[in-house]
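# Examining the three-dimensional arrangement
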Amino acid sequence: MSYTSIANTYEDFVKGFHPKSGLDLKFYKQNQMQRRILSFMNSHGHPAYPDFLKALNSDPILYDAFFKHLTINVSQFFRDANQWKTLRETIIPLLLQNKAPLKLWSAGCSSGQEPYSLAMTMMNYFSNAKFTVLGTDIDVNVLKQAKDGIYKQNDFASTPPEFLQKYFTPSDKGYQIKASVQNNVNFQHQNLLTDRFQTNFDFIACRNVVIYFTEEAKEMLYKKFTDSLRLGGILFTGSTEHLFGMNHLGLKPVSSFFYQKG
Ligand SMILES: C[S@@+](CC[C@H](N)C(=O)[O-])C[C@H]1O[C@@H](n2cnc3c(N)ncnc32)[C@H](O)[C@@H]1O
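## Let's talk about the overall build of the protein
- Assigned secondary structure in the protein consists of 10 helices and 10 strands.
- In terms of C-alpha radius of gyration, the protein reaches 20 Å, essentially the compact-globule figure of 18 Å for 262 residues.
- Each principal axis of the C-alpha distribution contributes one length, and for the protein these read about 60 × 50 × 25 Å.
- Within the protein, buried positions represent 48% of all 262 residues.

Structure representation (C-alpha cells):
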C-alpha cells in the first residue's frame with residue numbers, strides 16, 4: 001500500500017470515524033495523524049480506509065487499540081521535574097495569595113499521573129491550603145486506570161523517593177495510590193475541542209496534549225482555557241508548547257511554560 005494511493009480518502013475516514021469516537025480528526029495535524037493511522041492499519045493488516053473503518057465498527061478490541069494509538073497516553077508523575085519545582089516554589093505561593101480554596105485542573109490527564117502530582121504537591125508542601133483537582137481526558141480507558149490508581153516503576157522516574165513511600169502502597173500489581181490523595185481528585189470524561197469547560201479555575205495544566213492539534217485548534221483551545229481561568233489564574237503548558245503570537249488572549253508569561261491571566 002502506498003501512502004499517496006489512499007491519501008485522497010483521508011477526509012472520508014475522518015468523517016466516518018467521528019460519529020463513533022467523538023474525535024474529530026480535522027482538528028489534528030493531517031500529516032502526523034495520517035502517518036499514525038496508516039502505520040496502525042499496516043501493522044494490523046488493513047490496506048484501505050473503508051475496510052479499516054468497517055473493522056473498527058465491528059471489533060471493539062481493535063477499536064480500543066486504535067484509539068489508544070491515536071491519543072498517545074504517555075505520562076509520568078512529576079514529568080519535567082524543574083517545572084514542578086517552579087510550580088511549588090513560585091506558582092502555588094502566588095496563587096495562594098487569593099484566599100479561596102484552589103481550583104486546579106489537569107486537562108488531558110491520561111492515567112492520572114499529572115492530577116495526582118498536583119494533589120501530592122499541595123498535600124506535601126501546602127498542607128494547610130484547601131484545594132480541589134479535576135482530571136479530564138477524552139480516553140475512557142486511561143480514566144479507568146486513573147481511578148484504579150495502580151502504577152508501575154517507570155511512572156516514577158521523576159518522582160522524589162519519599163513521595164513513593166508516603167503516598168503509595170506497594171502491591172503485587174504495582175504501586176497503589178493512597179485514598180488520601182485520590183479523595184482530592186475528581187476524574188471526568190471530556191473532549192477539550194468540543195465540550196464546555198467549568199469556570200473560575202486558579203490553575204490549568206495542559207501539557208503534551210496539543211502536539212498534534214492544528215494551529216486553529218490550539219488557538220481555540222487556549223482561548224477556552226483563558227475564559228475558564230479566574231483573573232490572576234495560571235496556565236501550565238508542556239515543555240515544547242509556547243503561546244507565540246497569542247498575546248491577544250490576555251495571558252502573560254510569569255515563568256517558562258507558566259502563563260498568567262492578567
Ligand atoms: C501524552 S498524554 C499527556 C498526559 C499529561 N498531561 C502529561 O503531560 O504527562 C496526552 C493526553 O491527551 C489526551 N487527549 C488528546 N486529545 C484530547 C482531546 N481532544 N480532549 C481531551 N483529551 C485529549 C489523550 O487521550 C492523552 O491521554
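## Concerning the confidence of the model for the protein
- This prediction gives the protein a mean pLDDT of 93; 97% of its residues lie at or above 70.
- Here residues 1-7 is modelled with pLDDT under 50, and outside its nearest four sequence neighbours on either side it reaches 13 contacts, counting other chains as well.

## Let's talk about the domain arrangement of the protein
- One can read the domain layout of the protein as domain 1 (4-71) and domain 2 (81-261).
- On a C-alpha basis, the centroid separation for the pair domain 1 and domain 2 is 29 Å.
- Taken together, the 13 residues of domain 1 in the interface contact 13 residues of domain 2.
- Surface buried jointly by domain 1 and domain 2 totals about 1,100 Å² across both partners, of which 62% is contributed by carbon and sulfur atoms.
- At the junction of domain 1 and domain 2, the tally comes to zero salt bridges.
- Secondary structure elements with two or more residues in the side of domain 1 that touches domain 2: α2 (30-43) and α4 (60-71).
- Residues of the side of domain 1 that touches domain 2, tallied by class, amount to five nonpolar, three polar and five charged.

## Examining the site of the ligand
- Every one of the 21 residues lining the ligand counts as a neighbour, but Tyr-28, Ser-75, Arg-79, Asp-137 and Asn-208 are closest to it.
- In the environment of the ligand, an oxygen atom lies 3.0 Å from a nitrogen or oxygen atom belonging to the side chain of Asn-73.
- Within the side chain of Glu-114, one N or O atom sits 3.2 Å away from a nitrogen atom of the ligand.
- Protein contact buries 98% of the 600 Å² of open area that the ligand shows by itself.
- Among the detected pockets, the ligand sits in the largest cavity.
- Grouping the constituent residues of the shell around the ligand by class yields eight nonpolar, eight polar and five charged.

## A short note on the nonpolar core
- With 47 residues, the main nonpolar core has Phe-13, Phe-17, Leu-25, Ile-37 and Phe-225 as its most contacted residues.
- Listing elements by their share of this core, those giving two or more residues are α1 (10-21), α2, α3 (49-58), α4, β1 (102-107), β7 (201-206), α10 (215-228) and β8 (229-237).
- In terms of domain composition, this core takes at least three residues from each of domain 1 (4-71) and domain 2 (81-261).
- Excluding residues that lie within four positions of it along the chain, Ile-37 makes contacts with Tyr-10, Phe-13, Leu-25, Tyr-49, Phe-52, Phe-66 and Leu-70.
- Residues Leu-118, Phe-126, Tyr-151 and Phe-168 belong to the second largest nonpolar core, which totals 36 residues.

## Looking at helix α6 (residues 113-125)
- In a regular helix each residue adds 1.5 Å, so 13 residues correspond to 18 Å; α6 covers 18 Å between its end C-alpha atoms and thus fits that length.
- α6 sits mainly inside the fold: 10 of its 13 residues count as buried.
- Here α6 has its buried residues at Gln-113, Glu-114, Pro-115, Tyr-116, Ser-117, Leu-118, Ala-119, Met-120, Thr-121 and Met-122.

## A few points about the packing of α1 against α4
- Where α1 contacts α4, the two axes come as close as 13 Å, and the packing angle between them is 110°. One finds that α1 runs roughly perpendicular with respect to α4. Residue-level contacts link Phe-13, Phe-17, Lys-20 and Ser-21 of α1 to Tyr-63, Phe-66, Phe-67 and Leu-70 of α4.
- Residue composition of the contact of α1 with α4, by class: six nonpolar, one polar and one charged.

Reading the values: rules and limits
Residues numbered from 1 in each chain as written. Predicted model: local features only at pLDDT ≥ 70, side-chain atom pairs only at ≥ 80, totals over all residues. Heavy atoms only, no water. Helix = DSSP H or I, 4+ residues; strand = E, 2+ residues; numbered from the N terminus. Rg over C-alpha atoms; globule rule 2.2 N^0.38 Å. Buried < 20%, exposed > 50% of the residue type's maximum accessible area, 1.4 Å probe, protein only. pLDDT = per-residue confidence, 0-100. Contact = heavy atoms within 4.5 Å. Domains from an automatic or database assignment. Buried area = accessible area lost by both parts, 1.4 Å probe. Salt bridge = Lys/Arg side-chain N within 4 Å of Asp/Glu carboxyl O. Nonpolar A, V, L, I, M, F, W, Y, C, P; charged D, E, K, R; others polar. Near = heavy atom within 4 Å. Polar contact = N/O pair within 3.5 Å; in protein donor to acceptor, adjacent residues only side chain to side chain. Areas by Shrake-Rupley, 256 points an atom, 1.4 Å probe, with all protein chains shown as cover. 1 Å grid on protein atoms, 1.4 Å probe; cavity = no way out; pocket = protein on both sides within 12 Å on 5 of 7 lines; lining within 4 Å. Sits in = over half its atoms within 2 Å of the grid points. Core = buried A, V, L, I, M, F, W, Y, C linked by side-chain atoms within 4.5 Å. Expected span 1.5 Å × (residues − 1). Axes fitted to C-alpha atoms, helices over the stretch in contact; angles between N-to-C directions. Parallel < 35°, antiparallel > 145°, perpendicular 65-115°, else oblique.

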